[in-house]
Amino acid sequence: MSKIAAEVRDGIQIIAISNPPVNALSHEVRSGLVEAVERAGSRRDVAAIVIYGEGRTFPAGADIREFGTPPVAPWLPEVCNRIEAVEKPLVAAIHGTALGGGLEVALASHYRIADSKARLGFPEVNLGIPPGAGGTQRTPRLCGVEHALDLMLSGKPIGAASAAEIGLVDKVVDDGLVAAAIAFVRELARDAAPVRRSRDAGRELLDGIKAAASIRKRKDRLEAQSRVLPAPARIVECVEAAVNLDFEDGLATERRLFSDCLASPQSSALRHVFFAERKASKFPELSTGSAHSIREAGIVGGGTMGSAIAAACLQSGLKVVLVERSEAQLEKAAGIIERIFSESISRGKLTEPRKTELLSSLEMSVECGSLGKSDIIVEAVFEDFAVKRRVVAEMEAVAKRDAVLASNTSYLDIDELGRALAKPEKFVGLHFFAPANIMKLLEVVVGDRTSPDAVATCVGLAKKLGKIPVRSGVCDGFIGNRIGAAYREACDQMLLDGATPYLIDEAMRDFGMRMGPFESMDLSGLDISWPRRKRLKSVRDRRLRYCRLADALCELTRFGRKSGRGFYLYDDIGRPRPDGDVLSLLEDIRAEAGCQGRPFEFSEIQNRAHAAMVNEASKVIEEGIACRPSDIDVVEIHGYGYPRWRGGPMKYADDLGLESILSNIRIFGETDPLFWVPSPLLAKLADRGSAFSDLN
Ligand code: 3HC
Ligand code: NAI
């Protein structure tokens, strides 16, 4: 079926774009659209033209799938120019999301009418590129340099009313969008109004000292970070070209900078993440399971995690019943939720009346029996197998027949926990990340008896909470914490070999991690992982070298940020600084372990840390714990601060070449063969010259 439908109604050419789900501007859409517009331009019986999107939206952008493949004419910039060149009034009727190339088509149209619920924006920066079809030249001409830069640098869409306020849209209607657009152009045609083109608009908005100052301010700030992420600085350069050059030269500048950015590894990585995030929620269970609707969530345990999960559920419109051990604990939980909402208010994300409304949907109780109406019950009690097993059994005893039961355990065996239940098929792991009201990742841990319905219900819950669900099988630490353990182990080995926690943290921040491994442990609390380290002590291979620095710090009650001391010392306002005592302790530990210290470069630290993550991740895939390598990228980016612009560890490994990672692992293994055991899957892919992306 054609992706463009054209119909003449009483002298008005109506052109509908139909390319579900988001009317992306694929090659077929571009060629059909420009042909339909030009044909209408030459028809004597057509006085004016309306373009709109069928289904849920005006085009949401260029077809991102086509990036990275050889471009096929007509390109979008040319399509926009040819639309703009038509000599009859042409209006874009916008609903849904007019984004990126979609908005550029609208800006090339002579007029824009928007549905009041429509959103307009330039998300290209999130894909590592500037707008590339005239957006950087037409937008400042329509709404001025400041607004244009805000839109393009933030990547955030704005509502129709704001778009009208800044001059991006001519008229906003509440309903009857296409009819309103037809009436609008009919009037223009009747009045023989001259064609109005964005390229000729607003010189006054571009000239002057204000525009130059605005550009200088942003340029200074962004140039410094352009080594890591070039697109923002290139966007500013494009807008500068709009101010200083004529339209055609400005377009040529935009084209050049767009192509440079599109070819960058950062853009390739960001586009990979765009699709990886969407693919992650495609669980195999969804083909057979059906989701139950969730209106009420029960939560057992209102500590750090339980309270934040409760807040997330409330903010997504669910009723919540929170159960704690005692009234005193309930009061503490209420305090945490109160604090979360107050922070949301101070960030402008919540209002006082809305907070009151949300809190009215919260019931707090010390009786498990209060959970009888909950559609899902999540336990977030202490990370202790016996406690959790008792709690999940209590949950089952009071739950309604079809309620899903979930555990927020970080490491414990979901299959073992579920064994105590009469209906283990309803039991699942839901591994939220701290702070659970903010972090987008949710690992859905599928046990050997978990039913597809329970899985589908959890995917539905994740979407309701605005989170990205990733499927994990059962193993120690699931996907993320298991890879994290291997990463930290590699860092511990480097401590024994002469690196310091401070050097490793700095090297990993330089790599792009939001935090180094040691400051991150300080933040979550060294005592949190202490029980696990003790638990694993008995099963640890005695021949493996062990760095007991974290344990030694715990013995000194240096638990990290919360106790003012951990790997770092913290001042009154929480600023960290290195501590000579920790370095002396490390020297002693090295001597005890019989290790010699040697100097480390950033590059060696980064290579070892990355190789350890990739090697473990490869084992996670080969064991079927993760569905696909791109899921691991999503977990690392959204749960562990891995730099999005590198695309995640698996994408970055593909970019480096798997043979180079494998060769590094083999070299590291020459001195430490017990830790550096190459994953057979990695070795197989590297030998074949394949990449992890072949398994996505
Ligand atoms: N190209 C190709 N596919 C796209 C796409 C695009 N621009 N936008 C969305 N899709 C696909 C998704 O991959 C997904 O596919 P799937 O069903 O196979 O997983 C499907 O459309 C639905 O997308 P979402 O799951 O994201 O649907 P939502 O309803 O949650 O969100 C949306 C809709 C807000 C439009 C969101 O998809 C979005 O933000 N899309 C990207 C918009 C964008 O980045 N546009 C700029 C593109 S670059 C550009 O235009 C360059 C130009 O300046 C030259
Ligand atoms: P926490 O110690 O802050 O909270 C646990 C809460 O459970 C306490 O308030 C306690 O009173 C309550 N509790 C204990 N037994 C109970 C019972 N029988 N009935 C009702 N309430 C009971 O612990 P935190 O950090 O919230 O962790 C909870 C779970 O979440 C653990 O399994 C942990 O591994 C997991 N988790 C923790 C993360 C973190 O960063 N803190 C991240 C992801 C998961």
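The structure this text deals with has already been given above.
J.: I'd like a rundown of the state of the cysteines, residues and numbers included.
T.: The final tally for this structure, using the stated rule, is zero disulfides. In this structure C80 is not part of a disulfide, and its nearest cysteine sulfur, from C238, lies 15 Å away. Residue C80 is classed as buried on the basis of its relative accessible area, which comes to 0%. Left without a disulfide partner, C475 is nearest to the cysteine sulfur of C627, which lies 13 Å away.

J.: Please set out helix α14 (residues 327-346) residue by residue, giving values where relevant.
T.: Counted at 1.5 Å a residue, the expected span for α14 with its 20 residues is 28 Å, and the 28 Å between its end C-alpha atoms agrees. Tucked into the core, α14 has its buried residues touching α13 (304-315), β11 (319-323), α15 (352-359) and β12 (362-365).

J.: Run through the pairing of strand β6 (residues 111-115), naming residues and quoting values.
T.: Burial runs high along β6: five of the five residues are buried. Because side chains alternate across β6, one face comprises the buried residues Y111, I113 and D115, and the other comprises R112 and A114, equally buried. Inspection of the sheet shows strand β4 (residues 90-94) paired to β6 by four bridges, in the parallel sense. Bridge pairing in β6 links V91 to Y111. With three bridges connecting them, β6 and strand β9 (residues 171-173) associate as parallel partners. Its bridge partner being in β9, A114 is matched across the sheet by V172.

J.: So what about the pairing of β11? Which residues, and what values?
T.: Across the five residues of β11, four count as buried, placing the element largely inside the fold. As judged from the five bridges shared by strand β10 (residues 296-300) and β11, these two strands associate in the parallel manner. Paired with I299 across the strands is L322, a residue of β11. In this region the chain leaves β10, passes through α13 and returns to the parallel neighbour β11; the handedness of that crossover is right-handed.

J.: Now, about a positive patch on the surface: what can you tell me, with residues and values included?
T.: Together, R65, K279, K282 and K463 give the surface a local cluster of positive charge. Of note, R65 is situated in the loop between β3 (48-53) and α2 (76-85).

J.: Go over the site of ligand 2, please, and point to the residues and values.
T.: If you check the shell around ligand 2, you find 22 residues, and the closest are M305, E324, E383, K388 and S410. Take R325: an N or O atom from its side chain is 2.9 Å from an oxygen atom of ligand 2. At 2.9 Å, a side-chain N or O of N408 approaches an oxygen atom of ligand 2. Of all elements in the fold, only α13, α16 (385-398) and β15 (427-432) reach the threshold of two or more residues within the shell around ligand 2. Its residues assigned to classes, the shell around ligand 2 comprises nine nonpolar, nine polar and four charged.

J.: Go over the sheet that holds strand β16 (residues 441-445), please, and point to the residues and values.
T.: Judged by pairing direction, the sheet is mixed, and its eight strands sit side by side in the order β12-β11-β10-β13-β14-β15-β16-β17 without closing on themselves. Each edge of the open sheet is held by one strand with a lone partner, namely β12 and β17 (468-472). Put simply, the sheet's adjacent strands are angled 25° from each other on average, direction ignored. Both β15 and β16 contribute to a ladder of four bridges, which runs antiparallel. The residue bridging L430 from the neighbouring strand is V444, located in β16. Helix-sheet contacts for α14 involve β11 and β12, and the interaxial angle to β12 is about 155°.

Each value, and the rule that gives it
- Residues numbered from 1 in each chain as written.
- Chains lettered and ligands numbered in written order.
- Predicted model: local features only at pLDDT ≥ 70, side-chain atom pairs only at ≥ 80, totals over all residues.
- Heavy atoms only, no water.
- Disulfide = S-S within 2.5 Å.
- Buried < 20%, exposed > 50% of the residue type's maximum accessible area, 1.4 Å probe, protein only.
- Helix = DSSP H or I, 4+ residues; strand = E, 2+ residues; numbered from the N terminus.
- Expected span 1.5 Å × (residues − 1).
- Contact = heavy atoms within 4.5 Å.
- Pairing = 2+ DSSP bridges.
- Right-handed = clockwise from strand over helix to strand, strands pointing away.
- Patch = residues over 30% accessible without salt bridge, like charges linked within 9 Å, V, L, I, M, F, W, Y side chains within 5 Å.
- Areas by Shrake-Rupley, 256 points an atom, 1.4 Å probe, with all protein chains shown as cover.
- Salt bridge = Lys/Arg side-chain N within 4 Å of Asp/Glu carboxyl O.
- Lys, Arg positive; Asp, Glu negative; His and termini not counted.
- Charge placed at Lys NZ, Arg CZ, Asp CG, Glu CD.
- Near = heavy atom within 4 Å.
- Polar contact = N/O pair within 3.5 Å; in protein donor to acceptor, adjacent residues only side chain to side chain.
- Nonpolar A, V, L, I, M, F, W, Y, C, P; charged D, E, K, R; others polar.
- Axes fitted to C-alpha atoms, helices over the stretch in contact; angles between N-to-C directions.

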